[in-house]
Amino acid sequence: MSKPKEHILKKHNSKLKIDHILCNHNMIRRSLIVFLNLLVLTVIVGFSLRQEINETRLYIEANLNQIKKTVDSLAYRNKRYANTATKSIADFDNYNKQFQVLAKIHYYPKLKEFGFNRGIYPNNLFNGSLLGPGFPNQLIQKDTHLFAVLDELWAEQQYHSIVYNYYYVSHALKYFYLSSKVSVNQFNTTKDFFSKKLDRTSKPLDELQKDIYYTYPYLDFFSKEIVVTIKSPVYKNNDIVGNIGVDIPVKSLIKSITLPEKLKSSLNFYLYIIDKKQKIEVYNGYGNHLLPPIPVHAHLNKYTLIFADISPWFFVSFAIKITILCISLLIIINYMNVVLKRHKFQKQRYQLEAYTDLLTGLFNRRVMDTIIKDIVTENNNKSQPTAIIIFDANDFKIINDTYGHDIGDLALKHISSTINDMTRDSDICIRLGGDEFCIVLPNANLEQALVMADRLELAIFGGYFCHYNIKISISTGCTVIEKNEKLHDALVRADKILYSNKKNKAENKKALQRQLNNYIFKSPPKFPKQE
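Let us look at the structure shown here. All values reported here derive from a predicted model rather than from experimental measurement.

Notes on the overall build of the protein
Along its length, the protein carries 15 helices and 17 strands. Out of the 531 residues in the protein, the part that is buried amounts to 44%. Expressed as a percentage of contacts within the protein between residues at least 6 apart in sequence, the contacts between residues at least 24 apart total 65%. Counting only carbon and sulfur atoms, one obtains 55% of the accessible surface of the protein, whose full area is about 30,800 Å².

Quick notes on the packing of helix α11 (residues 396-403) against helix α12 (residues 405-422)
In contact at an axis separation of 6 Å, α11 and α12 are set at 140° when each is read in the N-to-C sense. Overall, the two elements α11 and α12 adopt an arrangement that is oblique. Along its contact with α11, which presents F396, I399, N400 and Y403, the element α12 presents H405, I407, G408, A411 and L412. For the contact of α11 with α12, the residue count by class is six nonpolar, three polar and no charged.

What to know about the pattern of salt bridges
Tallied over the entire structure, the rule returns nine salt bridges. In this structure, K87 engages D91 in a salt bridge whose closest nitrogen and oxygen atoms are separated by 3.4 Å. One end of the pair, K87, and the other, D91, are both in helix α3 (residues 26-95), four residues apart, so they sit about a helical turn from each other. Looking at K87, the relative accessible area reads 53%, which means it is exposed. Assessed through its relative accessible area of 28%, D91 is described here as partly exposed. Note that D395 and K505 form a salt bridge whose closest N and O atoms lie 2.9 Å from each other. With a gap of 110 residues between them, D395 in the loop between β14 (386-393) and α11 and K505 in helix α15 (residues 505-517) connect regions that are remote in the sequence.

Focus on the pairing of strand β4 (residues 165-170)
Within β4, five of the six residues are buried, leaving the element largely enclosed by the surrounding structure. Where β4 and strand β9 (residues 239-249) come together, six bridges link them in antiparallel fashion. By the bridge assignment, Y166 is partnered in β9 with V246. In this structure, β4 lies alongside strand β5 (residues 175-178), joined through four bridges in antiparallel fashion. Within β5, the position partnered with V169 by the bridge is F176. A loop of four residues connects β4 with β5, the two strands running antiparallel in sequence, and K174 in this loop sits at a positive phi of about 55°.

Side note on the sheet that holds strand β13 (residues 304-310)
Read across the sheet, four strands follow the order β11-β10-β13-β12 without closing on themselves; strand pairing throughout is antiparallel. Looking along the sheet, the strands with just one partner apiece sit at the ends: β11 (278-284) and β12 (294-299). Along the sheet, successive strands turn relative to each other by an average axial angle of 25°, direction set aside. Bridge count between strand β10 (residues 267-273) and β13: seven bridges; the pairing is antiparallel. Residue pairing across strands places Y272 opposite L305, the latter belonging to β13. Strands β10, β12 and β13 of the sheet are contacted by α3, whose axis makes an angle of about 30° with β12.

Topic: the packing of aromatic side chains
Inspection of every chain in the model, using the stated rule, returns 22 aromatic pairs. Judged by centre distance (4.1 Å) and plane angle (20°), the rings of Y107 and F135 are stacked. A residue pair is termed long-range when its members are at least 10 positions apart, and Y107 in strand β1 (residues 106-108) and F135 in the loop between β3 (129-133) and α4 (139-154) qualify at 28 residues. What makes Y107 partly exposed here is its relative accessible area of 27%. Owing to a relative accessible area of 63%, F135 belongs among the exposed residues under this scheme. On the numbers, 6.2 Å between centres and 65° between planes, the contact of F116 with F147 is edge-to-face.

Digging into the nonpolar core
In terms of nonpolar packing, the biggest core is built from 63 residues, with L64, Y168 and Y177 touching the most fellow members. Per-element tally for this core: the top contributor is α3, with twelve residues. When sequence neighbours within four positions are dropped, the list of residues in contact with L64 reads I257, F269, V296, H297, A298, I306 and A308. Membership of the second largest hydrophobic core comes to 30 residues, among which are F391, A393, I415 and M452.

Describing the sheet that holds strand β17 (residues 474-480)
Pairing is antiparallel across the open sheet formed by four strands, whose spatial order is β15-β16-β14-β17. The strands lining the two open edges of the sheet, one partner per strand, are β15 (428-433) and β17. Strand-to-strand twist across the sheet, computed as the mean angle between neighbouring axes with direction ignored, equals 20°. When β15 meets strand β16 (residues 436-442), the two strands line up antiparallel, connected through five bridges. Paired with R431 across the two strands is F437, which belongs to β16.

Quick notes on unusual backbone geometry
Residues other than glycine predominantly adopt negative phi, and peptide bonds predominantly adopt the trans conformation. One non-glycine residue, K174, lies in positive phi territory at about 55°. Following the sequence through the fold, K174 ends up in the loop between β4 and β5. Residue K174 is classed as partly exposed on the basis of its relative accessible area, which comes to 43%. Non-glycine residue N484 carries a positive phi angle of around 65°. Assignment of secondary structure puts N484 in the loop between β17 and α14 (487-502).

A look at the side chain of H414
Within the fold, H414 resides in helix α12. With relative accessibility at 11%, the residue H414 sits in the buried group. Of note is the side chain of H414, whose polar atom sits 2.9 Å from the backbone oxygen of I460. In this structure H414 touches A459, I460, G463, F465 and I472, once residues within four positions along its chain are discounted.

Criteria and thresholds
In this convention, every chain numbers its residues from 1, walking through the sequence in written order. The predicted origin of the model limits local features to residues at a pLDDT of at least 70 and limits the giving and counting of side-chain atom pairs to 80 or more, whereas totals for whole chains, interfaces and linings rest on all residues. Hydrogens are left out, water is left out, and the side-chain values use all remaining heavy atoms of the structure. Helix and strand assignments follow DSSP, with helices taken as H or I runs no shorter than four residues and strands as E runs no shorter than two, numbered in order from the N terminus. Only protein chains enter the area calculation, which uses a 1.4 Å probe; residues under 20% of their type maximum are buried, those over 50% are exposed, and those in between are partly exposed. In what follows, residue pairs with any heavy atoms lying within 4.5 Å of each other are defined as contacts. With residues, only the protein chains shown are counted as cover, and all accessible areas are computed by Shrake-Rupley using a 1.4 Å probe. Comment: axis = line fitted to C-alpha atoms, over the contacting stretch for helices; angle = value between 0 and 180 degrees taken between N-to-C directions. Orientation categories follow fixed angle ranges, with anything under 35 degrees roughly parallel, anything over 145 roughly antiparallel, 65 to 115 roughly perpendicular, and all other angles oblique. The residue classification treats Ala, Val, Leu, Ile, Met, Phe, Trp, Tyr, Cys and Pro as nonpolar and Asp, Glu, Lys and Arg as charged. All others, Gly included, are polar. Salt bridge, as applied in this entry: a Lys or Arg side-chain nitrogen positioned within 4 Å of an Asp or Glu carboxyl oxygen. Note on pairing: DSSP must find at least two bridges between two strands before they are called paired. Pairing of aromatic rings covers Phe, Tyr and Trp, the last counted by its six-membered ring, and requires centre-to-centre distances within 6.5 Å; plane angles under 30 degrees mean stacked, over 60 mean edge-to-face, and any other angle means tilted. Only buried residues count toward a nonpolar core, which is a set of Ala, Val, Leu, Ile, Met, Phe, Trp, Tyr and Cys residues joined through side-chain atoms within 4.5 Å. Counted as a polar contact is a pair of N or O atoms within 3.5 Å, where, for protein atoms, one must be capable of donating a hydrogen and the other of accepting one, and residues adjacent in sequence contribute only when both atoms are in side chains.

Okay, here's the thing in structure tokens:
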């Protein structure tokens, strides 16, 4: 783009235009656009994916923490039950009298066990089931009052989605009292149970007497399920006589999670025992392990973590949706950008056309009051001279009257094309009107302007422009714009010099012909004749 055109566009565009070899090269520019689009797409998808992962992790972690809160509430409630049972036992001893037996305890010969509410002799009002190995000890009759207390405690309304089962185990009298009624064939190994070591604690017994204890996940002796037990000791005279506990099947922990089905099917749950570094699988929502999972965990208790591994494929589907959406948006944005550039290009073209002569393609007079003033001011600030050449065609009216205006237009086009070929990109070539032209030469002195004028006179006179094999000559006037001089004054001075030189146009024409004769003679071109 020429310097005058840059001035025109700069005047009508407030935005900074950056010309660079990378921007001007079409292939590189397109590659940069593609690269920037991919970069934007990557940043948007990456940021959205990161946000989605973080929000999903926080959501799942909140659910896991809710499980912990539910389990802790069961634990503190169970501790209160143990304290109540301990107080009740002490109260029974303080009464020191014979209590009425509240339920008949049966002996089952085939099972070699005792108990009630097991489908055999269900003739009592207790809600729970009693079972123990061998014959019942007479002291158990007294504990039927404790069973009534436990029934009342366990009957409290509790709203938990976790499945659980309360129990009381007496180590001294070797029996179980369960919070639910069970069938006869569910428990028939109580003798083996009491023959085993029951304490699964890692802390001294005296620390457990007034504490809550969470067991490691283990295989339940009766239900054959992996359970976590929360228990608190029941003691008499500072001696542990039993435990009140609640068994929580590990699988019921997952059932309590209120996650959308689509998300839940993309999760794998497992428990991790910290001390033993043992992993216990709980729930498998997916089986594809090609990509590493995204883990989320919460502390179920001091020794156990509950983990949820999120399948990365859950986020892959999200990333695909976001990518499609971003690509659609980028297509729209790029299309709008193309439309805006096209509009800008058309606007620039209209701006240039407003400053352009339609016949010759040179600038018109409008640039004199806008662009030329700016360039002259710029050169003056840099202490650089600005020269002006004004010229017009000799005997142009005779050509029009003799050959017609079409030939006259060809003469004007011949002059303008010669000017364009012989001037610099920084020079401003103007058609002032009719056959009058002007050239503004930034950073050129008077001597350089005179040389340029002589070259133009010779080049224009030496060329043929129509089939009549006629030539046209010009007369010129050169001057240099003085510092702080108005442009109009310089143009008037150059115009006076032009008309002074025009008086000698005949002699100048002969001089030009003699100069041309010094070159090798060439026949004029044969133009096709026009009727």
